[in-house]
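Survey of secondary and tertiary structure
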Amino acid sequence: MSPKPVILDVDPGHDDAVALMMACGSPELDLLAVTTVAGNVALEKTTRNALRVLSLVGHTGVPVGAGASEPLHRPLRTAEDIHGESGLDGPKIPEADFEPDERGAVGLIADTLRDSPEPVTLVPVGPLTNVAALLRAHPGLKGKIAHVSLMGGSIGLGNTTPAAEFNIFVDPEAAREVFDSGLRITMSGLDVTHQAGAGTAERDRLRAAGGVGGVVAGFLDFFAATYEGIFGFDAPPLHDPVAVAAVLDPGLLKTRPMRVDVECESELTRGETVCDFYGVTGKPPNADVGVELDRAGFFDLLYDSLQRL
Ligand code: RIB
Ligand code: CA
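Residues numbered from 1 in each chain as written. Chains lettered and ligands numbered in written order. Predicted model: local features only at pLDDT ≥ 70, side-chain atom pairs only at ≥ 80, totals over all residues. Heavy atoms only, no water.

1. Observations concerning the coordination of the calcium ion (ligand 2)
Coordination of the calcium ion (ligand 2) by the protein is provided by D11 (OD), D16 (OD), D16 (OD), V125 (O) and D240 (OD), with metal-donor distances spanning 2.3 to 2.6 Å. Going along the chain, you hit the donors of the calcium ion (ligand 2) in the pattern D-x4-D-x108-V-x114-D. (Donors = N, O, S within 2.8 Å, 3.2 Å for Na, K, Ca; no water.)

This is the structure:
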């Protein structure tokens, strides 16, 4: 089976960094491009971090296009309290060995879609601003998007407000446009990513592996400290790698087709993914929403991918 072509859209961010490494260490995927968006930290930092992570694992041939520096209609909200000032605090890693692609995120994605002999899977794991911008600028390229496997939203509680998960909260209008696009969407929300908590056992197994595993363990130690301080979790959820795993091995994620609407008006619940679990709206489903994760299978996949780096 030939490797599946994918593009990752990221806002590194510790879990984004692990998602990038997971994609690079998985021969089942052909990482055609990486695009960056403002989210966890400002765009110049998410772009620097994406370039550094790809350099660290020797994947400097993957073009990186910098995208939106702020949401479509709102001021940017960042998360230095969780990811640190750099967006990737913890173990020091070297500066990047290469520069961003001058086409920028939308231009790079558009060219990549046009040039690919087969439709490409998009894996956005930050605010959906770049994906919405691509769909606005190049609606004719939707046919070259096979699938969108996104990390974002929640059937239940939020993590940024009681109702909203961070990626959707930051740019709800972009998220609404993506969910209304008609593209095949798999939503890995907090309901499943919170089943991917990297506790001390998982971090120690990564540390024992050494090499990239040791760096990831160090990143997750930092992530664990901030997550525990804010949420009381001692096992930080590997949110973004779940969206990659859903492409690598769809059987790891139990999903349920649902209509997902995004609240954009209410200041109280803005960014909520309103998931019609029981189909009471009568609206046709627009996403396959993750409801359960095979945790053991997920971590096995993660360890295998990192050991190849
Ligand atoms: O809510 C978790 C999501 O927000 C993850 O993608 C994390 O990296 C942040 O972007
Ligand atoms: Ca992210």
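Further notes follow.
2. Concerning a negative patch on the surface
Together, E28, D249, E292, D294, D300 and D304 make up a negatively charged patch on the protein surface. The exposure class assigned to D294 is partly exposed, which follows from its relative accessible area of 36%. (Patch = residues over 30% accessible without salt bridge, like charges linked within 9 Å, V, L, I, M, F, W, Y side chains within 5 Å. Areas by Shrake-Rupley, 256 points an atom, 1.4 Å probe, with all protein chains shown as cover. Salt bridge = Lys/Arg side-chain N within 4 Å of Asp/Glu carboxyl O. Lys, Arg positive; Asp, Glu negative; His and termini not counted. Charge placed at Lys NZ, Arg CZ, Asp CG, Glu CD. Buried < 20%, exposed > 50% of the residue type's maximum accessible area, 1.4 Å probe, protein only.)

3. Quick look at the pattern of salt bridges
Proximity of charged atoms lets side chains of opposite charge pair with each other. Following the criterion strictly, the structure yields 16 salt bridges and no others. Close ionic contact of D101 with R103 constitutes a salt bridge, the shortest N to O distance being 2.8 Å. Since its relative accessible area comes to 17%, D101 is described here as buried. Taking the shortest distance from any N to any O, the salt bridge between E177 and R136 comes out at 2.6 Å. On the criterion of sequence distance, the pair formed by E177 in helix α7 (residues 172-179) and R136 in helix α5 (residues 129-137) is long-range, its members being 41 residues apart. A relative accessible area of 29% places E177 in the partly exposed class. For R136, a relative accessible area of 46% puts it in the partly exposed group. In this structure, a network of salt bridges that share partners links the residues D101, R103, D111 and R114. (Helix = DSSP H or I, 4+ residues; strand = E, 2+ residues; numbered from the N terminus.)

4. Considerations on helix α9 (residues 200-209)
Among the residues of α9, E202, R203 and L206 are the ones counted as buried. Down the axis of α9, the smallest arc covering the buried residues is 95°, so these residues share one side. Residues of α9 that are exposed and point over 90 degrees away from its buried face: T200, A201 and A208. Where the residues of α9 are buried, they touch α10 (212-231) and α12 (295-307). With its phi angle positive at about 70°, G210 sits one or two positions after the end of α9. (Arc of directions from axis to C-beta. Contact = heavy atoms within 4.5 Å.)

5. A word on the packing of aromatic side chains
Applying the stated criterion to the full structure yields seven aromatic pairs. For the ring pair F277 and Y278, a centre distance of 4.9 Å and an interplane angle of 70° mean the geometry is edge-to-face. For F277, a relative accessible area of 28% puts it in the partly exposed group. Judged by its relative accessible area of 69%, Y278 is exposed. Taken together, the ring pairs in this structure connect F223, Y227, F231 and F233 into an aromatic cluster. One residue, R270, lies across the ring of F169, its end atom 3.7 Å from the ring centre. (Phe/Tyr/Trp six-rings, centres within 6.5 Å; stacked < 30°, edge-to-face > 60°. Lys NZ or Arg CZ within 6 Å of the ring centre and 35° of its normal.)

6. Comments concerning the sheet that holds strand β7 (residues 253-258)
Pairing in this open sheet of eight strands is mixed, and the strands run β3-β2-β1-β4-β5-β6-β10-β7 from one edge to the other. Of all the strands in the sheet, just β3 (64-66) and β7 have a single pairing partner and so form its edges. Averaged over all pairs of adjacent strands, the angle between their axes in this sheet comes to 25°, without regard to strand direction. Here strand β6 (residues 185-188) pairs with strand β10 (residues 287-293) via two bridges, running parallel. Along β10, the bridge assignment pairs M187 with V289. Where helix α4 (residues 104-115) meets the sheet, its contacts fall on β1 (4-10), β2 (29-36), β3, β4 (120-124) and β5 (145-151), and the angle it forms with β2 comes to roughly 155°. Lying over the sheet, α5 contacts β1, β2, β4 and β5, oriented at roughly 140° with respect to β4. (Pairing = 2+ DSSP bridges. Axes fitted to C-alpha atoms, helices over the stretch in contact; angles between N-to-C directions.)

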